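# Structure assessment
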Amino acid sequence: MTTTTTAMADRPLAAGEPNANDLIAAAVALRPRLVDRQAEVEERTYFDEEMHEEFRQARLYDMYVPRQYGGLEVDVPTFTKVVIELARGCISTSWCFALSANHALQVASWFPKSVQDEVFGSGEFRCASVAAPTVTAERVSDGWRLNGTVGYCSGIPYSTYFLGQAMVHGSDGAPQMAMFIAPRSAFEILNDWGRTLGLKGTGSHSIRFTDAVIPLDYLQENSDMTNMPVEGGTVGGALHHNGMYSGRGLGVFTMSLAASVVGGAYNALDEYEHQMRIRKTALPPMVPRIEDADYQRWYGAAATKILTAEAALLQAAKMHMDYSEANHTGVRPYTFADDFCVTGVAREAILQAWETVETDLFRTVGSSAAANGERFERVFRDLSQAAGHRNPALRDSGYRAVAQMLLGIAPSQP
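Residues numbered from 1 in each chain as written. Predicted model: local features only at pLDDT ≥ 70, side-chain atom pairs only at ≥ 80, totals over all residues. Heavy atoms only, no water.

### What about the overall build of the chain?
- From N to C terminus, the chain includes 14 helices and seven strands.
- Radius of gyration (C-alpha) of the chain: 22 Å, near the 22 Å computed for a compact globule of 414 residues.
- When the backbone C-alpha atoms are referred to their principal axes, the chain occupies close to 80 × 55 × 45 Å.
- Taken across its 414 residues, the chain has 55% of its residues classed as buried. (Helix = DSSP H or I, 4+ residues; strand = E, 2+ residues; numbered from the N terminus. Rg over C-alpha atoms; globule rule 2.2 N^0.38 Å. Buried < 20%, exposed > 50% of the residue type's maximum accessible area, 1.4 Å probe, protein only.)

### Remarks on the side chain of Asp48
- Inspection of the secondary structure puts Asp48 in the loop between helix H2 (38-44) and helix H3 (49-57).
- Using a relative accessible area of 13% as the deciding quantity, one classes Asp48 as buried.
- A distance of 3.0 Å separates polar atoms of two side chains, one belonging to Asp48 and the other to Arg37.
- For Asp48, the residues in contact, after removing those within four places along its chain, are Arg37, Glu40 and Tyr158. (Polar contact = N/O pair within 3.5 Å; in protein donor to acceptor, adjacent residues only side chain to side chain. Contact = heavy atoms within 4.5 Å.)

### A few points about the nonpolar core
- Grouped together as the largest cluster of nonpolar side chains are 118 residues, with contacts concentrated most on Phe97, Phe162, Phe180, Ile181 and Phe209.
- Ignoring anything within four residues of it in the chain, the contact list for Ile181 reads Val107, Phe111, Val115, Val119, Phe125, Cys127, Tyr161, Phe162, Leu163, Ile214 and Tyr218. (Core = buried A, V, L, I, M, F, W, Y, C linked by side-chain atoms within 4.5 Å.)

### Notes on unusual backbone geometry
- Cis geometry marks the peptide bond from Pro284 to Pro285, where omega comes out at -5 degrees.
- One non-glycine residue with positive phi stands out, namely Thr45, at about 80 degrees.
- Take Thr45: it is sitting in the loop between H2 and H3.
- The backbone phi angle of Glu73 is positive, close to 50 degrees, even though this residue is not glycine.

### A short note on helix H7 (residues 113-121)
- Within H7, burial applies to Val115, Gln116, Val119 and Phe120. Buried positions in H7, seen along its axis, are confined to an arc of 105 degrees and lie on one side of it.
- Those residues of H7 that are buried are in contact with helix H6 (104-110), strand E3 (161-169), strand E4 (175-183) and helix H8 (235-240).
- A positive backbone phi angle near 80 degrees is found at Gly123, which sits one or two residues after H7. (Arc of directions from axis to C-beta.)

### Remarks on the confidence of the model for the chain
- In the predicted model, the chain carries a mean pLDDT of 94, and the fraction of residues at 70 or more is 95%.
- Here residues 1-9 scores under 50 on pLDDT; set against residues more than four positions off or in separate chains, the count is 34 contacts. (pLDDT = per-residue confidence, 0-100.)

### A short note on the environment of His103
- The residue His103 is located in the loop between helix H5 (91-101) and H6 in this model.
- Overall, His103 belongs to the buried group, its relative accessible area being 5%.
- Along the chain, His103 and Asp217 lie 114 residues apart, while their C-alpha atoms are 18 Å from each other.
- If we ignore the near neighbours within four places in the chain, the residues touching His103 are Phe125, Cys127, Ala128, Ser129, Leu163 and Phe253.
- In this structure the side chain of His103 is engaged in a polar contact, spanning 2.9 Å, whose partner is the side chain of Asn102.

### Notes on the packing of helix H4 (residues 76-87) against helix H9 (residues 250-278)
- Their axes nearest at 7 Å, the elements H4 and H9 cross at an angle of 40 degrees. Classed by the angle they form, the pair H4 and H9 counts as oblique. Between H4 and H9 lies a crossing whose hand is right-handed. For the pair H4 and H9, the contacting residues are Val76, Phe79, Thr80, Val83, Ile84 and Ala87 in the first and Met255, Ser256, Ala259, Ser260, Val262, Gly263, Gly264, Tyr266 and Asn267 in the second.
- Among the residues forming the contact of H4 with H9, the class breakdown is nine nonpolar, six polar and no charged. (Axes fitted to C-alpha atoms, helices over the stretch in contact; angles between N-to-C directions. Parallel < 35°, antiparallel > 145°, perpendicular 65-115°, else oblique. Left-handed = near helix turned anticlockwise from the far one by under 90°. Nonpolar A, V, L, I, M, F, W, Y, C, P; charged D, E, K, R; others polar.)

### Notes on the packing of H4 against H5
- At a minimum axis separation of 7 Å, H4 and H5 run at an interaxial angle of 155 degrees. If you check the angle between H4 and H5, you find them roughly antiparallel. Side by side, H4 and H5 meet where Phe79, Val83, Leu86 and Ala87 of the first sit next to Ile91, Ser94, Phe97, Ala98 and Ala101 of the second.

### Digging into the packing of aromatic side chains
- For the coordinates displayed, the defined rule picks out 24 aromatic pairs.
- With 6.3 Å between their ring centres and 20 degrees between their planes, Phe79 and Phe97 make a pair best called stacked. Of this pair, Phe79 sits in helix H4 while Phe97 sits in helix H5; the two residues are 18 residues apart in sequence, bridging distant segments of the chain.
- Here Phe79 falls in the buried class, since its relative accessible area comes to 2%.
- Judged by its relative accessible area of 0%, Phe97 falls in the buried class.
- Ring geometry for Phe362 and Phe380: centres 4.0 Å apart, planes at 20 degrees, overall stacked. (Phe/Tyr/Trp six-rings, centres within 6.5 Å; stacked < 30°, edge-to-face > 60°.)

Below is the structure:
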């Protein structure tokens, strides 16, 4: 995947620094252990300390951290490929990992240097994020006081920070939305995750802020992560001299989800192949499934559709990189409409991958593969839960919004 940016592929590597292929290979090498630990991850509700250390040693957490702070500045297509490979081993683990590693990109793009110096300075930056503004922020003498509870904080168990939205009162007294970043010491992680049908191991616990005070520059008033205006460039683009840090956020978030779902579809396909190799057809003449024309067709159809979903997702990643670079260099602004289209492509990848597993694989894999505790059963539950995520649920309203933006029609709702 080539881009027009000055990201990792175009920059000289430091001695011993992993390149894009090294990072992807590291994720592939972890897959057998990820498959073996799927049940443990569900029981614990997040991956174990040993796997966390593997990610640290492979420098996977550093992919979006700027080089100025010792990171790798990996481009979005490379990050996406790494997450796909991790999900091919365990969807919950990839989801938990990705949603703690991917928000370095937004923090490095939108926050001032004073904040970046502090949050990236320790060399241990992992950051879960939720856009719902369920926290209140009150201005105090030494910063902002936060109170409230945030649900579905995927990736929070190993996060050193949290990126969120809060409601504050503007100078006119009216409530407005703000974006903030808070260190791990500012919130309590609640033990409330693991009761869903799938994605039980994503570490999507709630967190609670109780009179927590963050520094003044850790909060940006009148800011919405899902529609952060970047036209004309960003603080991060200028600071890091890299167009990758001049982009919007909604598409990147959706691509992180999509990478886990597409990788999860490959996970299901791998198990389907295993079943083809060890089981026979149900009706005479009973032959190994791998020799049966129908099973070959079902497998081939699924493989082709998952490849198509992956191709669309990687194209969305390239679109984001190109829009970010064009915005950084002043060629054209990166607009909300652009970001919404990138988001829409990634969302289609999610739903195509899920629908393929549901229609082509689950329907024909056999009931024994769907028994409690079986690999295919767990993957199916994870993917069904992902398909019911709030982001894919916005498909129809997203179609309408894209049409309105492309056709120049006034939006029917805010």
